[in-house]
Amino acid sequence: MLSIAQQAADTISSIFAPVSTPAVKEADLAKMVLVLSAVVFVVVAGLLAYSVVRFRAGRGEQGTEPPQVYGSAQVEAAWTVIPIIIVIVLVLATGRVIHEVQAAPEPPNAVRVTVVGRQWWWEIRYPELGVVTANELHVPVSDSAHRQPTFLTLESADVAHSFWVPRVAGKTDLIPNKTNHMWVEPHQPGTYLGQCAEYCGTQHAHMLLRVVAEPPEQFARWVERQRAAAAPVDSAAAAGRRVFLGTACISCHTVGGTVATGRYGPDLTHLMSRETIGAGVEPNTRERLRAWVRNPDDLKHGVLMPAMQLDDEQLDQLVEYLLTLR
Ligand code: CUA
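Residues numbered from 1 in each chain as written. Predicted model: local features only at pLDDT ≥ 70, side-chain atom pairs only at ≥ 80, totals over all residues. Heavy atoms only, no water.

1. Description of the sheet that holds strand 10 (residues 208–214)
Part 1: Across the sheet, 3 strands lie side by side as 4-10-9; this open sheet has mixed pairing. Since the sheet does not close on itself, it has two edges, and those belong to strand 4 (136–140) and strand 9 (190–195), each with one partner. Ignoring which end each strand starts from, the neighbouring axes of this sheet average 20° apart.
Part 2: Pairing of strand 4 with strand 10 involves 5 bridges; the strand directions are parallel. Looking at strand 10, one finds that Val139 is bridged to Ala213.
Part 3: Sitting on the sheet, helix 4 (residues 216–227) is in contact with strand 4 and strand 10, with an inclination near 135° to strand 4. (Pairing = 2+ DSSP bridges. Helix = DSSP H or I, 4+ residues; strand = E, 2+ residues; numbered from the N terminus. Axes fitted to C-alpha atoms, helices over the stretch in contact; angles between N-to-C directions. Contact = heavy atoms within 4.5 Å.)

Here's what the structure looks like:
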């Protein structure tokens, strides 16, 4: 497990602190463009400033016209050719990075994930691994000796969203009735924060993402736990399970091994393995979970999950059951 301090350090989301192959390529390109632009700016602004100071009217000088100079083949050639060269360099460098990122071959051992954008959370499915989760994408760390990137298929169930985890890769939109693709390849373990980057409605700002990059053995253990059936319940949780199975929860949520097979909301089979609820709105603790189920709209206004009008006892029982879904 990562220490809290490490996690805090990893939460700084800057495109200039890339940890994943596509993000590194894009950050390098961005830095090159910035440096070139800075040089152009310094030269042009410097010449302008020099001219303004050097050739300003002196004290008491009369407003007579200075000598008029027309045409200089050398100067004109220079200011035509140099910008053309700069533009060609930018076009070639950008084209190369776009090609390297978009046409990257998908190795057979790649992890394949389908991400479905929804108002307002992320459904995350690993079809080949039989894992379904939400909002927190687990991927293996890839090293140069044994590369293992993760390829994402991006879809949307409702409106346009955009998948953006700045340290891991550039943005890619999730569009209804269109399938997009992107890939990530983190080189160091950590939790990297992201955010929906396309306005998608009331809770666009609360559609947070986490990419958890783990060493391959740890990732394999995570997959194993996610594939397991829901844990058996003791008598304290059994009452809560009856409440859960007796309400409309089951038409939107799945809990493996029960009659709850809804697909509209997040799969809850391993709910407690996630750090947050409501797509990053609150930490996933007993108290916050209870507040969430009591009235989701309190924590996330406009959320599509309704309050089930449970009384305090039913709520306590239900939360007791949810806490067993590890
Ligand atoms: Cu989803 Cu903005």
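2. Some remarks on the pattern of salt bridges
Part 1: Counting across every chain of the model gives 15 salt bridges.
Part 2: Its salt-bridge partner being Glu123, residue Arg263 comes within 3.8 Å of it at the nearest N-O pair. In this pair, Arg263 is assigned in the loop between helix 6 (249–252) and strand 11 (276–277) and Glu123 in strand 2 (residues 121–126), connecting sequence segments 140 residues apart.
Part 3: Take Arg263: its relative accessible area is 48%, and that puts it in the partly exposed class.
Part 4: On the basis of relative accessibility, which here comes to 3%, the residue Glu123 falls in the buried class.
Part 5: A salt bridge links Arg210 to Glu275; the nearest nitrogen and oxygen atoms lie 2.6 Å apart. Here the residue Arg210 occupies a position in strand 10, and Glu275 occupies one in the loop between helix 6 and strand 11, the gap between them amounting to 65 residues. (Salt bridge = Lys/Arg side-chain N within 4 Å of Asp/Glu carboxyl O. Buried < 20%, exposed > 50% of the residue type's maximum accessible area, 1.4 Å probe, protein only.)

3. Section: unusual backbone geometry
Part 1: For the peptide bond that leads from Gln119 to Trp120, omega is -5°, which places it in the cis range.
Part 2: Mapped onto the secondary structure, Trp120 falls in the loop between strand 1 (111–118) and strand 2.
Part 3: One non-glycine residue, Gln309, adopts positive backbone phi at about 55°.
Part 4: Considering the arrangement of structural elements, one finds Gln309 in the loop between helix 8 (296–299) and helix 9 (312–322).
Part 5: Using a relative accessible area of 69% as the deciding quantity, one classes Gln309 as exposed.

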